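Observations on chain architecture
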Amino acid sequence: MSVEQGELRKDKESEIFGVQAGIRDIFTEDSLDPVYQAKARILNDALQEIGMGKYQWYLFVVAGFGWLSDNLWPIVTGLILTPVVNEFNVLGPWLKLAQNIGLLVGAAFWGVSSDVWGRRWAFNITLGMTGLFAIAAGGSMNYVALCSLTAMWSVGVGGNLPVDSAVFLEFIPASHQYLLTVLSVWWAFGQLLGSLVAWPLIANYSCPTTVPPSPCPRSSNEGWRYFLFTMGGLMTLSWIIRFFVFNLYQSPKYLMGRGRDEQAVEVVHKVAAYNGKTSNLTLEDLRMAGKLADAAVNDGAHMDTSALAAVRRKMGIFSNNHVKSLFATRKMAQSTIILIILWAFIGLAFPLYNSFVTYFLATRGANFGDSSTYITYRNQVILSVIGVPGALMAGYFVELPYLGRRGTLAIFTALTGVFILASTTARTSNALLGWNCGYSYTSNVMYGVLYALSPELFPTKDRGTGNAIVATANRIFGVMAPIIALYANLSTSVPIWISGAIFIISGFIALLLPFEPRGHASL
């Protein structure tokens, strides 16, 4: 279908339905199924007509719990690493390996399942699963039990971002899509919360780290257990709020993509009523959009949205249709491949440096004469505080002309690598802390943009699968980091140099993304 035909079709839809968001779509006319694209545009217009209201702001909070969890738990294992190693006298990287395997399984399973069974189940289960197994982990009698329970809680954590980002994006109007980037402030709060709670608990209720290691009985090392009980309880409370207090409707775009147009229209009207408004959307609007789009294409191809087709797609759980759609056109394939590469590279670089930052600060602090547990966790809190404004500023940067999502991601990913490399030049404790503050700020901007950009570049009907693919690539490469740590000398700067170089390379790769979502409506 030509661009002229596409523009003509959009004009006809606007005349018939009387709605126009005034914001262009992210994808070009040949990037998606034309019937799906036409119906998604009508739903976008309906959400834009309703505007940003009470329902979306409540969703901002409960979806934010997923962002908080996603950053909190990888940091939890880093914070408990030293006292756990002291108590069980084991190799610490095995704990990180167990965690990353769990994150890998969670990212793959929950992302795909949300496209098959819908967003609600995954959205409501992940936090409860995390809290349950984290509390159980606090009572671990040995290292094997702790690693096993860590893997289980991580399965829940791994599903948060693939599902929660899709849920939030599919309910907000196009004019407020930048809030998907601002959601990363919860990610920064997760790091801050973990550091603040760990500081008094682990610093005051842990065995001292000695060289060579001295006996560390459980009775003198309860801090990390108290920490897990506290964080697991927090996740359980978050799950209760999600499950019993907030009523999440099924995504209207998901329902439309599964052939349930009537339910999609019903959900839009429920959201409007929740916000104290009304919507002009009707079932006939969606059906007419599909007919117009079907008539406009030359090859007669159309999207089967009948109830029978929806059942058939649901039975085909293990089909690769969702995957094929992400590579349906040259630009879609280019976008998907670059996102996979970015997530994979960052998945390796981030844990290489950040997962062992507590250990790194402690060993460097020993060289600088200030390796106390108190100083180590104090510095961790400072780094967490610095990350909060980075997450907030990400929402501002992505809306700047000439920068947008793509430019912001490229610049701050490269800057993250620069600060990591610069940290190896530190000759004093304060200098090291200063470089790490720069790293904390830029990495929070980077992650804020990356977490928002990815779901924006996947169409709704395949968004869960797309999120699952990039998250799985991220977790697969994340598994490599603790394996490297098991065999590498962590007292050297080599892992730091590798991490910094990967971030800088990833910054340049981000410039190759073919789509810029700024000012465009997500489909």
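**Re the side chain of serine 206**
The topology assignment puts serine 206 in the loop between α9 (184–204) and α10 (223–245). Overall, serine 206 belongs to the buried group, its relative accessible area being 19%. Of the polar contacts made by the side chain of serine 206, one reaches the backbone oxygen of isoleucine 202; its length is 2.5 Å.

**Examining the packing of helix α5 (residues 119–137) against helix α6 (residues 143–158)**
Two numbers describe how α5 lies on α6: the axes approach to 7 Å, and their chain directions differ by 165°. On the basis of the axis angle, α5 is roughly antiparallel to α6. Here the hand of the crossing between α5 and α6 comes out left-handed. Along the contact surface, α5 presents Thr126, Met129, Thr130, Phe133, Ala134, Ala136 and Ala137, while α6 presents Leu146, Leu149, Met152, Trp153, Val155, Gly156 and Val157. Considered class by class, the residues forming the contact of α5 with α6 number 11 nonpolar, 3 polar and no charged.

**Remarks on the confidence of the model for the chain**
When pLDDT is averaged along the chain, the result is 80, and 80% of the positions lie at 70 or above. Counted against residues more than four places away or in other chains, residues 1–31, with its pLDDT under 50, gives 77 contacts. Within the model, the stretch residues 305–319 combines pLDDT values under 50 with 17 contacts to residues more than four positions away or in other chains.

**Comments concerning the state of the cysteines**
Using the criterion set out here, one finds 1 disulfide in the structure. Bridging cysteine 207 to cysteine 216, the disulfide has an S-S length of 2.1 Å. Across the S-S bond of cysteine 207 and cysteine 216 the torsion is about 95°, and the bridge reads as right-handed. For cysteine 207, a relative accessible area of 8% gives the class buried. The exposure class of cysteine 216 is buried, given its relative accessible area of 9%.

**Description of unusual backbone geometry**
Of note, the phi angle at asparagine 89 is positive, near 55°, even though the residue is not glycine. In this structure, asparagine 89 sits in the loop between α3 (54–88) and α4 (93–116).

**Observations regarding the pattern of salt bridges**
The tally for this structure, following the rule as stated, stands at 8 salt bridges. Linking glutamate 87 and arginine 225 is a salt bridge whose minimum nitrogen-to-oxygen distance equals 2.7 Å. Note that glutamate 87 is positioned in helix α3 and arginine 225 in helix α10, a separation of 138 residues in sequence. With a relative accessible area of 15%, glutamate 87 lands in the buried category. Under the relative-accessibility criterion, arginine 225 is labelled buried at 1%. With a closest N to O distance of 2.8 Å, glutamate 170 and arginine 119 form a salt bridge. Taken together, the positions of glutamate 170 in the loop between α7 (160–169) and α8 (179–182) and arginine 119 in helix α5 put the pair 51 residues apart, joining distant regions of the chain. One network of salt bridges, in which partners are shared, links Glu87, Arg218, Glu222 and Arg225.

**Examining helix α19 (residues 404–423)**
The terminal C-alpha atoms of α19, which comprises 20 residues, lie 29 Å apart, in line with the 28 Å expected from a rise of 1.5 Å per residue. Counting buried residues in α19 gives 15 out of 20 residues, a clear majority hidden from the surface.

**As for a nonpolar patch on the surface**
Together, Ile101, Val105, Phe109 and Trp117 make up a nonpolar patch on the protein surface, roughly 380 Å² of accessible area in all. For isoleucine 101, the location among the structural elements is in helix α4. Among the residues examined, isoleucine 101 registers a relative accessible area of 42% and is labelled partly exposed.

**Considering the packing of aromatic side chains**
For any pair of aromatic rings, the description consists of the separation of the ring centres together with the inter-plane angle of the planes. Enumeration over the complete set of coordinates arrives at 26 aromatic pairs. Aromatic pair tryptophan 239 and phenylalanine 244: ring centres 5.7 Å apart, planes at 80°, arrangement edge-to-face. A relative accessible area of 25% means that tryptophan 239 is categorised as partly exposed. Assessed through its relative accessible area of 56%, phenylalanine 244 is described here as exposed. Through a chain of ring-to-ring contacts, three or more aromatic side chains come together here, namely Tyr55, Tyr58, Phe171, Phe246, Tyr249 and Tyr274. Across the ring face of tyrosine 274, the terminal group of lysine 54 is positioned such that the distance to the ring centre comes to 5.2 Å.

**Remarks on the nonpolar core**
Core analysis: the largest hydrophobic core is formed by 127 residues, its most contacted members being Trp73 and Phe227. Looking at this core, the element that brings in the most residues is α3, giving 17 residues. Setting aside residues up to four positions removed in sequence, phenylalanine 227 forms contacts with Val76, Leu79, Ile80, Gly194, Val197, Ala198, Leu201 and Ile202.

The rules behind these values
Residues numbered from 1 in each chain as written. Predicted model: local features only at pLDDT ≥ 70, side-chain atom pairs only at ≥ 80, totals over all residues. Heavy atoms only, no water. Helix = DSSP H or I, 4+ residues; strand = E, 2+ residues; numbered from the N terminus. Buried < 20%, exposed > 50% of the residue type's maximum accessible area, 1.4 Å probe, protein only. Polar contact = N/O pair within 3.5 Å; in protein donor to acceptor, adjacent residues only side chain to side chain. Axes fitted to C-alpha atoms, helices over the stretch in contact; angles between N-to-C directions. Parallel < 35°, antiparallel > 145°, perpendicular 65-115°, else oblique. Left-handed = near helix turned anticlockwise from the far one by under 90°. Contact = heavy atoms within 4.5 Å. Nonpolar A, V, L, I, M, F, W, Y, C, P; charged D, E, K, R; others polar. pLDDT = per-residue confidence, 0-100. Disulfide = S-S within 2.5 Å. Salt bridge = Lys/Arg side-chain N within 4 Å of Asp/Glu carboxyl O. Expected span 1.5 Å × (residues − 1). Patch = residues over 30% accessible without salt bridge, like charges linked within 9 Å, V, L, I, M, F, W, Y side chains within 5 Å. Areas by Shrake-Rupley, 256 points an atom, 1.4 Å probe, with all protein chains shown as cover. Phe/Tyr/Trp six-rings, centres within 6.5 Å; stacked < 30°, edge-to-face > 60°. Lys NZ or Arg CZ within 6 Å of the ring centre and 35° of its normal. Core = buried A, V, L, I, M, F, W, Y, C linked by side-chain atoms within 4.5 Å.

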